[in-house]
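# A look at the structure
The chain contents come next:
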Amino acid sequence: METQIKKVDENSISLGKEIILGGGIVAIPTETVYGLAASAYDNNAVEKVFIAKGRPQDNPLIVHLSKVEDLYKATDCPTKIAEQLLRAFSPGPITVVLHKNSYICERVSAGLDTVGIRIPSHKDARAFIEACGIPLAAPSANTSKRPSPTNAGDVYNDMNGKIPLILDGGQCEIGIESTVVDCMGDTPIILRTGKITSEMIKEVCGSVSFATSNSVVRSPGMKYTHYAPKCKMYCRFMDILGLEEKIQQLSNMGEKVVLLGDSSCKKISCHHFIYLGDSVEQYMKEYFSALRDGERKGSVIVCYIPFSEKEGEGLYNRALKSCGGNTI
Ligand code: TXA
Ligand code: MG
């Protein structure tokens with residue numbers, strides 16, 4: 001199959017709509033990461049998404065709507081918490097998990113009776129969903145376990161030959177995936193961290209908790225390794241002292257070290273330096289594409305993160321998963 005990349009405009013939207021309504025899949029931009037979209041009402045179409053990604057069968061997909069008024073297209077049971085969170089953060093990088101209605105096909109929810117619902121703020125994403133007229137199931141558009149794609153070229157690298165069309169809406173503004181929140185009880189439970197932090201959620205709902213190992217079953221995606229580059233990777237958090245020596249040791253062992261970091265890293269000698277920025281927002285935006293760039297340029301990635309976990313909840317989560325918990 002030939003994979004076309006087309007800038008988002010009226011023509012490419014209508015081509016994409018034809019593909020979706022014909023039971024096919026299309027990669028679309030969102031403000032978080034690119035998604036691999038299919039009709040959330042069509043088991044066969046959703047199956048194609050699982051195949052293109054090589055995704056484990058028990059990991060459910062997020063359903064995307066163009067506006068909050070369309071919530072009924074995916075659930076009959078909006079809860080108070082879900083309404084509070086959607087009012088505060090939607091359209092935007094938040095996914096609320098609710099009981100699914102009977103239209104959402106079984107493959108979307110991977111056998112669960114719930115559905116993750118998100119209303120993206122990216123104008124092209126909303127225009128495309130609106131044009132299709134149905135909810136679109138869309139996981140991140142990477143091969144399973146790989147870093148999520150934040151530009152059309154990264155989608156192409158994973159999906160070339162597997163999907164007919166990539167809609168190119170430029171670089172994603174946020175760069176890490178949405179915060180996923182179980183909204184079925186009295187307290188919101190964070191299943192995946194993101195730009196919307198636990199503190200922001202607590203402010204809106206009055207309380208918040210994190211998924212414990214018991215609730216892992218509720219968000220099957222959490223048990224898989226994720227976001228990993230093809231090469232080895234280490235992280236260093238908040239303390240730059242001694243980092244240069246560690247990098248030197250790796251170089252002495254013959255490694256080509258690619259360092260990802262902020263301005264304070266610019267003076268550290270290494271095989272290749274990738275500047276991620278000096279704020280959490282800049283780091284999140286550059287992070288995934290830097291992993292893909294880093295693995296092409298060297299044999300080991302070292303990522304220095306100067307922020308606290310409280311400041312960069314979602315970033316810590318992605319970084320720790322990418323390096324498999326290996327700190328240096
Ligand atoms: O920002 C995002 O959320 C991006 C863009 C494309 O919207 N999508 C995304 O999808 O990251 P994906 O499939 O890569 O990650 C979805 C996560 C997985 O961890 C999955 O287990 C969880 O959300 N999830 C989806 N539906 C769920 C459900 N019904 N219950 C619990 N967890 C769910
Ligand atoms: Mg993903």
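### Quick notes on the packing of aromatic side chains
Inspection of every chain in the model, using the stated rule, returns five aromatic pairs. With centroids separated by 5.0 Å and ring planes inclined at 85 degrees, the aromatic side chains of Tyr-283 and Phe-307 adopt a geometry described as edge-to-face. Of this pair, Tyr-283 sits in helix α9 (residues 280-297) while Phe-307 sits in the loop between β15 (300-305) and α10 (313-322), and the two are 24 residues apart along the sequence. On the accessibility criterion, Tyr-283 (0% relative accessible area) is buried. An aromatic cluster is defined as three or more aromatic residues linked by ring pairs; in this entry it consists of Tyr-227, Tyr-287 and Phe-288. Lying over the aromatic face of Phe-50, Arg-107 brings its terminal NZ or CZ to 4.2 Å of the ring centre. Here the basic side chain of Lys-266 rests over the ring of Tyr-275, its NZ or CZ set 4.2 Å away from the ring centre.

### Observations regarding the pattern of salt bridges
Going through the model one piece at a time under the given rule, you end up with 14 salt bridges. The salt bridge partner of Lys-7 is Asp-168, with a shortest N-O separation of 3.2 Å. In this pair, Lys-7 is assigned in strand β1 (residues 4-7) and Asp-168 in strand β8 (residues 165-168), connecting sequence segments 161 residues apart. Accessibility expressed as a relative area gives 58% for Lys-7, which makes it exposed. Here Asp-168 falls in the buried class, since its relative accessible area comes to 16%. Taking the shortest distance from any N to any O, the salt bridge between Glu-173 and Lys-285 comes out at 3.2 Å. Within this pair, whereas Glu-173 is found in the loop between β8 and β9 (179-182), its partner Lys-285 is found in helix α9, the two being separated by 112 residues in sequence. Residue classification places Glu-173 among the exposed positions, given a relative accessible area of 53%.

### Focus: the sheet that holds strand β12 (residues 232-237)
Taken in spatial order, the four strands make up an open sheet running β12-β15-β13-β14, and their pairing is parallel. Strands at the two margins of the open sheet, each flanked by one partner only, are β12 and β14 (272-275). Within this sheet the neighbouring strands show an average axis-to-axis angle of 20 degrees, counted without direction. One ladder, built from six bridges, connects β12 with β15; its direction is parallel. Residue pairing across strands places Tyr-234 opposite Val-302, the latter belonging to β15. With respect to the sheet, α10 is in contact with β12 and β15, its orientation differing from that of β12 by roughly 145 degrees.

### Some details on the nonpolar core
Of all hydrophobic cores here, the largest spans 44 residues; its most connected members are Leu-85, Val-108 and Ile-201. Ignoring sequence-local partners within four residues, the contact set of Val-108 consists of Ala-40, Val-46, Pro-60, Leu-61, Val-63, Val-115 and Ala-137. Ile-176, Tyr-227, Ala-290 and Ile-301 belong to the second-largest nonpolar core, a separate cluster that totals 25 residues.

Here is what the cut-offs are and how they apply
- Residues numbered from 1 in each chain as written.
- Chains lettered and ligands numbered in written order.
- Predicted model: local features only at pLDDT ≥ 70, side-chain atom pairs only at ≥ 80, totals over all residues.
- Heavy atoms only, no water.
- Phe/Tyr/Trp six-rings, centres within 6.5 Å; stacked < 30°, edge-to-face > 60°.
- Helix = DSSP H or I, 4+ residues; strand = E, 2+ residues; numbered from the N terminus.
- Buried < 20%, exposed > 50% of the residue type's maximum accessible area, 1.4 Å probe, protein only.
- Lys NZ or Arg CZ within 6 Å of the ring centre and 35° of its normal.
- Salt bridge = Lys/Arg side-chain N within 4 Å of Asp/Glu carboxyl O.
- Pairing = 2+ DSSP bridges.
- Axes fitted to C-alpha atoms, helices over the stretch in contact; angles between N-to-C directions.
- Contact = heavy atoms within 4.5 Å.
- Core = buried A, V, L, I, M, F, W, Y, C linked by side-chain atoms within 4.5 Å.

By themselves, these observations are geometric and do not establish any function.
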